[in-house]
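Chain by chain, the residues run as shown.
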Amino acid sequence: NSGAQYEFQVQASCTNGGTSAFSASALFTTQSNACTDTYEPNNSKNQAKAITTGVTIQALIGNSTDKDFFSFSNTSGQPNIRVSLTNLPANYNLKLFNPSGSQIAQSTNSGTTNETVKYNTATIGTYKAQVLGVNGAFNSTTCYSLIAEISSTPWRLDGEESAVAIALNSIYPTPSDGHLIAAYTSAVTG
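Presented here is an overview of the structure given in this document.

Quick notes on the rules
- Residues numbered from 1 in each chain as written.
- Predicted model: local features only at pLDDT ≥ 70, side-chain atom pairs only at ≥ 80, totals over all residues.
- Heavy atoms only, no water.
- Patch = residues over 30% accessible without salt bridge, like charges linked within 9 Å, V, L, I, M, F, W, Y side chains within 5 Å.
- Areas by Shrake-Rupley, 256 points an atom, 1.4 Å probe, with all protein chains shown as cover.
- Salt bridge = Lys/Arg side-chain N within 4 Å of Asp/Glu carboxyl O.
- Helix = DSSP H or I, 4+ residues; strand = E, 2+ residues; numbered from the N terminus.
- Core = buried A, V, L, I, M, F, W, Y, C linked by side-chain atoms within 4.5 Å.
- Buried < 20%, exposed > 50% of the residue type's maximum accessible area, 1.4 Å probe, protein only.
- Pairing = 2+ DSSP bridges.
- Axes fitted to C-alpha atoms, helices over the stretch in contact; angles between N-to-C directions.
- Phe/Tyr/Trp six-rings, centres within 6.5 Å; stacked < 30°, edge-to-face > 60°.
- Contact = heavy atoms within 4.5 Å.

**Some words on a nonpolar patch on the surface**
Taken together, the side chains of Y6, F8, V10 and F28 make up a nonpolar region of the molecular surface, amounting to roughly 330 Å² of accessible area. Take F8: it is sitting in strand β1 (residues 5-8).

Given below as structure tokens:
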């Protein structure tokens, strides 16, 4: 559980089939998933919070009427735009607005599937991205992640860029002397 304290003890399993006594108890606390939203108020285009391109930010949709607007700029050397919305705790959509304020792209995947908009352009200026909950969806404690990227090379619009999929098969030995081995399989897609 997020933000919870746990107690643990260690016991060695010997090769001869025996076991050692348990170690003394130790405590640890898991990292809290609670998010502090430092971007509010940003519920309208006029209140859009400036973000730096190429930097992932964390924010949240805190209630059923919350909408988050962020602004960023492209350059003549890097005019092409990609905005990605990931780690979704609820069903959120992503919209992109041009410097004139008109919506030019959107991503409306269902559920907690990542959202991405790509826009290859020669128009330089300040763009705005909007994150909003579908039918009032929100999570007042868990952040989503957003990154706006610009590029000199147009983004591929005919499909996803190549990705590597990795499946973790096992971690061993357990118990461990502090060194673990992770066995995994991977496949290249795209």
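**Some points on the nonpolar core**
Soluble globular proteins tend to pack their nonpolar side chains together in the buried interior. Among the nonpolar cores identified, the biggest contains 25 residues, and F70, F72, V83, V131, Y144 and L146 are the most heavily contacted of them. Only β4 (57-59), β5 (67-73), β6 (80-86), β7 (92-97), β10 (126-133) and β11 (144-151) provide two or more residues apiece to this core. Considering each element in turn, this core owes the most residues, 4 residues, to β11.

**Description of the sheet that holds strand β9 (residues 115-119)**
Pairing in this open sheet of 4 strands is antiparallel, and the strands run β4-β11-β6-β9 from one edge to the other. The sheet is open, and its two borders are formed by β4 and β9, each paired with just one other strand. For this sheet, the mean inter-axis angle between neighbouring strands, taken without regard to orientation, is 20°. Pairing between β4 and β11: 3 bridges, direction antiparallel. Directly across from A59, in β11, lies its bridge partner Y144.

**Comments concerning the packing of aromatic side chains**
Counted according to the given criterion, the structure contains 5 aromatic pairs. With centroids separated by 6.1 Å and ring planes inclined at 45°, the aromatic side chains of F69 and F97 adopt a geometry described as tilted. Here F97 lies in strand β7 and F69 lies in strand β5, a separation of 28 residues in the sequence. In this pair, the class of F69 matches that of F97, namely buried. Put simply, the rings of F72, Y119 and Y127 touch in pairs and so form one group of aromatic residues.

**A closer look at the environment of L96**
Tracing the sequence through the fold places L96 in strand β7. Judged by its relative accessible area of 0%, L96 falls in the buried class. Considered as a pair, L96 and S107 are 11 residues apart in the sequence and their alpha carbons are 8.9 Å apart. Contacts of L96, omitting those with residues within four sequence positions, involve F72, I81, V83, S102, Q103, I104, A105, V117, Y119, Y127 and K128.

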